[in-house]
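# Topology and contacts: notes
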Amino acid sequence: GAGVSQSPRYKVAKRGQDVALRCDPISGHVSLFWYQQALGQGPEFLTYFQNEAQLDKSGLPSDRFFAERPEGSVSTLKIQRTQQEDSAVYLCASSSGRGERINTEAFFGQGTRLTVV
Amino acid sequence: GESVGLHLPTLSVQEGDNSIINCAYSNSASDYFIWYKQESGKGPQFIIDIRSNMDKRQGQRVTVLLNKTVKHLSLQIAATQPGDSAVYFCAEIRGGKLIFGQGTELSVKP
């Protein structure tokens, strides 16, 4: 595809349910990021992959959050035992940039809106 | 903690006027600052960036100004159009990560 694709676009989960959010980055992009965006707020960094290696997971809010990118392409963000405070838009971004250009050349997907009821 | 924040949450302008969106930051150790546009239901879209060793950079209809003395960043949009209506975020790159501010909602009146 031409851009970063995320699925599903919308997800409603009952509290305590596990969810999996998918990100298809732009083909060939080495770097992949996940962000969490609460309503009315700016996105907040969750985790960063370079190929299949998760180089930074400092933004994951708890051990209920887990991300993987096993083949260095598609990534999945999994949230276990969802809670109401997990309700947010989860954004994925990918980049072909290197060094200091990794972030300035990143493209964002449309996000998955997760609502926990 | 340190953060990137905005002065105004909303801004309403008349079509054709110039818009100025402001951003204050508190951490002087950032290498880059970026402005993003986010339309409803979409992800942030890169508009323009500026390195910390610059004070001005121009793009198509947009200009970013950086004042490191007062830790202030602004985005100027010339001849604002209805398609410019969106939420605008400033962000800094610190420690290899994007740190976003809260955002300003720009509304363009026809």
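Structural data are supplied above this passage.
Description of the structure in this document. Since the structure is predicted, the reported quantities are computational estimates derived from the model, not experimental observations.

## So, the state of the cysteines
This model, assessed by the stated rule, comprises two disulfides over all chains. Two residues, C23 of chain A and C92 of chain A, share a disulfide whose sulfurs are 1.9 Å apart. One disulfide, between C23 of chain A and C92 of chain A, carries an S-S torsion of -65° and so falls in the left-handed class. Here the residue C23 of chain A occupies a position in strand β3 (residues 19-24), and C92 of chain A occupies one in strand β9 (residues 88-95), the gap between them amounting to 69 residues. Judged on exposure class, the residue C23 of chain A and its partner C92 of chain A are both buried. Disulfide pairing places C23 of chain B opposite C90 of chain B at an S-S distance of 1.9 Å. Measuring the twist about the S-S bond at about 50°, one finds the C23 of chain B-C90 of chain B disulfide to be right-handed. On the criterion of sequence distance, the pair formed by C23 of chain B in strand β3 (residues 19-25) and C90 of chain B in strand β9 (residues 86-94) is long-range, its members being 67 residues apart.

## What about the interface of chain B and chain A?
With 19 residues of chain B at the contact, the number on the chain A side is 18 residues. Regarding the contact of chain B and chain A, the summed buried area is about 1,500 Å², with carbon and sulfur atoms giving 50% of it. If you look at where chain B meets chain A, you find one salt bridge. For the salt bridge of K97 of chain B with D56 of chain A, the shortest nitrogen-to-oxygen distance reads 3.5 Å. On inspection of chain B and its partner chain A, the count reaches five residue pairs in polar contact (both at pLDDT 80 or more).

## Side note on the layout of surface pockets
As a volume, the largest pocket reaches approximately 550 Å³. Lining the largest pocket are 30 residues, with Q37, L39, G40 and R113 of chain A together with Q38 of chain B sitting closest to its centre. Those elements that provide at least two residues to the lining of the largest pocket are β9 and β11 (112-116) of chain A together with β9 and β11 (104-109) of chain B. Broken down by element, the residue count for the lining of the largest pocket peaks at four residues, all from β11 of chain A. The residue inventory of the lining of the largest pocket, partitioned by class, reads ten nonpolar, 15 polar and five charged. In this model, the second largest pocket occupies a volume close to 270 Å³. Lining the second largest pocket are K37, Q45, F46, I47, I48, G59, Q60, R61, V62, I77, D84 and Y88 of chain B. Per-element tally for the lining of the second largest pocket: the top contributor is strand β5 (residues 45-51) of chain B, with four residues. In terms of residue class, the lining of the second largest pocket is made up of six nonpolar, three polar and three charged.

Cut-off values and rules
Residues numbered from 1 in each chain as written. Chains lettered and ligands numbered in written order. Predicted model: local features only at pLDDT ≥ 70, side-chain atom pairs only at ≥ 80, totals over all residues. Heavy atoms only, no water. Disulfide = S-S within 2.5 Å. Helix = DSSP H or I, 4+ residues; strand = E, 2+ residues; numbered from the N terminus. Buried < 20%, exposed > 50% of the residue type's maximum accessible area, 1.4 Å probe, protein only. Contact = heavy atoms within 4.5 Å. Buried area = accessible area lost by both parts, 1.4 Å probe. Salt bridge = Lys/Arg side-chain N within 4 Å of Asp/Glu carboxyl O. Polar contact = N/O pair within 3.5 Å; in protein donor to acceptor, adjacent residues only side chain to side chain. 1 Å grid on protein atoms, 1.4 Å probe; cavity = no way out; pocket = protein on both sides within 12 Å on 5 of 7 lines; lining within 4 Å. Points joined across faces, edges and corners; volume = space filled by probe spheres on them. Nonpolar A, V, L, I, M, F, W, Y, C, P; charged D, E, K, R; others polar.

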